[in-house]
Amino acid sequence: MSAASEARQDDGRDRDTEGRARNARPRDGLGRPLPYGADGVERQPEGVVRTPEETVAEAQALLDAGKPFHAHEVFEDAWKSGPQDERALWRGLAQLAVGLTHAARGNVTGGARLLRRGAGGTAQWSALTGRERPYGMDLGELGAWARDVAAAVEREGTAVDARESAPRLAGRGS
């Protein structure tokens, strides 16, 4: 019996060990649900507290592997567990990663919208804090990357390759 079916309860809903509703279906590399019993990509554990440097490194590795959905989850952990004054930064980065996820899934409108929202969020955070390169990330380059990918998916109207389109979080020179 798979872990997914073990997590299913009598009411037909997936639940975690504490009884909270939690979808246990396997997922593909872009986070799309697969049928129960299918081989999926291992999920990112939720609620992991990492240093900012660990967050950036892990997210970059996932982006490089063509797994922006998983990178989004890493950024989301930082957003939820990090200091209050950095939450908008991590939220913006999570939006960039999930925007790439949607663009790779072929959701042109949603992907472009989230990429632009993430670029705007990180730019606003940078302007408010005066920090342009937090943890080695070049927020200006990330914003330009996001706007370029958003324009490309709108112009072409097709999905992008998540691995080929992945950003360099610490800039092109890294």
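What you see is a predicted model; the values in this text were computed from it and never measured.

### Brief notes about helix H3 (residues 68-81)
Reasoning step 1: End to end, H3 covers 20 Å across 14 residues, agreeing with the expected 20 Å (1.5 Å per residue, within 8%).
Reasoning step 2: Most of H3 is tucked away, with 10 of its 14 residues classed as buried.
Reasoning step 3: For H3, the full list of buried residues reads Pro68, Phe69, His70, Ala71, His72, Glu73, Val74, Phe75, Asp77 and Ala78.
Reasoning step 4: Against helix H2 (52-64), helix H4 (87-105) and helix H7 (162-165) lie the buried residues of H3.

### Brief notes about the pattern of salt bridges
Reasoning step 1: By the definition in use, this model includes nine salt bridges.
Reasoning step 2: A salt bridge links Glu154 to Arg116, with the shortest nitrogen-to-oxygen separation between them at 2.8 Å. Of the two residues, Glu154 is situated in helix H6 (residues 139-156) and Arg116 in helix H5 (residues 108-129); the sequence distance between them amounts to 38 residues.
Reasoning step 3: A salt bridge links Arg133 to Asp138; the nearest nitrogen and oxygen atoms lie 3.1 Å apart.
Reasoning step 4: On the accessibility criterion, Arg133 (47% relative accessible area) is partly exposed.
Reasoning step 5: According to the relative accessible area criterion, Asp138 is buried, its value standing at 17%.
Reasoning step 6: Counted as one network, the salt bridges with shared partners bring together Arg50, Glu58 and Asp77.

### Re the packing of aromatic side chains
Reasoning step 1: What the rule picks out here adds up to two aromatic pairs.
Reasoning step 2: Taking the centre distance of 5.9 Å and the plane angle of 25° together, the rings of Trp90 and Tyr135 count as stacked. Here Tyr135 lies in the loop between H5 and H6 and Trp90 lies in helix H4, a separation of 45 residues in the sequence.
Reasoning step 3: Under the relative-accessibility criterion, Tyr135 is labelled partly exposed at 27%.
Reasoning step 4: Lying across the ring of Tyr135, Arg131 places its NZ or CZ 5.3 Å from the centre.

### Structural notes on the confidence of the model for the protein chain
Reasoning step 1: Looking at the protein chain, pLDDT values average 90 and 89% of them are 70 or higher.
Reasoning step 2: The low-confidence segment residues 1-6, where pLDDT is below 50, has four contacts with residues more than four positions distant or belonging to other chains.

Parameters and conventions
Once a new chain begins, its residue numbering starts again from 1 and follows that chain's sequence as written. The model is predicted, so local features are restricted to residues of pLDDT at least 70 and side-chain atom pairs to those at 80 or more, both for listing and for counting; the totals for chains, interfaces and linings are taken over all residues. Values reported for side chains reflect all heavy atoms of the structure, with hydrogen atoms and water molecules removed beforehand. Numbered from the N terminus, helices here are DSSP runs of H or I no shorter than four residues, and strands are runs of E no shorter than two. A helix is expected to span 1.5 Å for every residue after the first. Relative accessibility thresholds used throughout: buried, under 20% of the residue-type maximum; exposed, over 50%; partly exposed, between the two (1.4 Å probe, protein chains only). Pairs of residues are marked as contacts when any of their non-hydrogen atoms sit within 4.5 Å. Any Lys or Arg side-chain nitrogen found within 4 Å of a carboxyl oxygen on Asp or Glu counts as a salt bridge. Only Phe, Tyr and Trp rings take part, Trp by its six-membered ring, and two of them pair if their centres are within 6.5 Å. Stacked means planes under 30 degrees apart, edge-to-face means over 60, and tilted covers everything else. Whether a charge lies above a ring is judged from NZ of Lys or CZ of Arg, which has to be within 6 Å of the ring centre and within 35 degrees of the ring normal. Residue-level confidence of the predictor, termed pLDDT, takes values from 0 up to 100.

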